[in-house]
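One letter stands for each residue in the lines below.
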Amino acid sequence: MRTTLQNDTAILFFANSAEEDFARKKFDYRAVSLFQDLTQHTLKTIESTGLPFFHFTEKEQLGNTFGERFAHAFASLFALGYTKVISVGNDSPNLTAQHILKAQEQVSKGNAVIGPSLDGGCYLMGFHRDSFQKESFKALPWQSPTLHQELLLQLDMQGMELTLLGILNDIDSMRDVKRLSNYIKTVSAYWIGLFGTLFNFGNPKELAPIPIFETHSFSTPFNKGSPFRD
């Protein structure tokens, strides 16, 4: 954990310990190793950006609901003096330093930045302190397939300029692991090998990759019925 204020952008690594993730998610005992590797991979990715970061595990999180804990973590970093905060979790193996640095570039312009995941959630969020609304943020439908759409609607109502990063897979269940293991070009050889070792999966298919780095900027209100549309 770095605490310098030489840079006014901080990364919020909001991720529970491997043991806590295993207890909360529907995996068997072999997944503890997977969560440990995901956390270490994400930490290395974060460190490679050179930005200050803070890891909020279940020990640092405060609140009765996920929304309360997540909003409190954002507010805590703003209270330390950071004017821009970019949050990531540990469940997106395709997350790169480029995603985070692109988010830093956009949030420095005053934009909100969202990295949507295939399940309707978000793997990355970036906000400026002046536009972060804690109460409405914690009231969002967290950990649901409607989160991304509801978040976009909320930002639209606030009149925020928004940048969307490319869509990534995340890992919340065994079905997610199996889906990722079938797409060798979207996941590094390391992850394919780990999935095979831990869960005895067969050979992956050679399929076209999902773009991992693509941005869409909205400077005017977007179509509320179709938030992904340019």
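S.K.: Hey, could you run me through the pattern of salt bridges in this one?
M.R.: A side chain of one charge can pair with a side chain of the opposite charge if their charged atoms are brought near each other. A full pass over the atoms with the stated rule returns four salt bridges. Measuring nitrogen to oxygen at the nearest pair gives 2.9 Å for the salt bridge that ties Asp 8 to Lys 84. Of this pair, Asp 8 sits in the segment before strand S1 (9-14) while Lys 84 sits in strand S3 (residues 84-88), and the two are 76 residues apart along the sequence. Look at Lys 84 and you get buried, because its relative accessible area is 7%. Of the charged contacts in the structure, one is a salt bridge between Lys 109 and Glu 105, with a shortest N-O distance of 3.9 Å. Residue classification places Glu 105 among the partly exposed residues on the basis of a relative accessible area of 37%. By sharing partners, the salt bridges in this structure join Lys 102, Glu 105 and Lys 109 into a single network.

S.K.: Explanation requested: the pairing of S1 in the structure shown.
M.R.: Successive residues of a regular strand alternate their side chains across the two faces of the sheet. Most of S1 is tucked away: six of the six residues are buried. What you see with S1 is no split at all: Thr 9, Ile 11 and Phe 13 on one side and Ala 10, Leu 12 and Phe 14 on the other are buried throughout. Sheet topology note: the S1/S3 ladder contains five bridges and is parallel. Bridge pairing links Phe 13 to Val 88 in S3. Across four bridges, the pairing between S1 and strand S2 (residues 53-56) is parallel. Across the sheet, the residue bridging to Ile 11 is Phe 53, located in S2.

S.K.: Could you clarify how one ought to interpret the side chain of Thr 9 in this entry?
M.R.: Looking at where Thr 9 falls in the secondary structure, it is placed in strand S1. Ignoring anything within four residues of it in the chain, the contact list for Thr 9 reads Leu 51, Pro 52, Tyr 82, Lys 84, Ile 86, Gln 104 and Ser 108.

S.K.: I keep staring at the confidence of the model for the protein and nothing clicks. Help me out?
M.R.: Parts of the model with low pLDDT should not have their predicted coordinates read in detail. In this model, the protein carries a mean pLDDT of 77, and residues with pLDDT of at least 70 account for 67%. Note on residues 183-188: pLDDT is under 50 here. Beyond four places in sequence and across chains, it has 19 contacts. Low pLDDT, under 50, characterises residues 203-230; the predicted model gives this stretch 63 contacts beyond four residues in sequence or across chains.

Rules behind the numbers
- Residues numbered from 1 in each chain as written.
- Predicted model: local features only at pLDDT ≥ 70, side-chain atom pairs only at ≥ 80, totals over all residues.
- Heavy atoms only, no water.
- Salt bridge = Lys/Arg side-chain N within 4 Å of Asp/Glu carboxyl O.
- Helix = DSSP H or I, 4+ residues; strand = E, 2+ residues; numbered from the N terminus.
- Buried < 20%, exposed > 50% of the residue type's maximum accessible area, 1.4 Å probe, protein only.
- Pairing = 2+ DSSP bridges.
- Contact = heavy atoms within 4.5 Å.
- pLDDT = per-residue confidence, 0-100.

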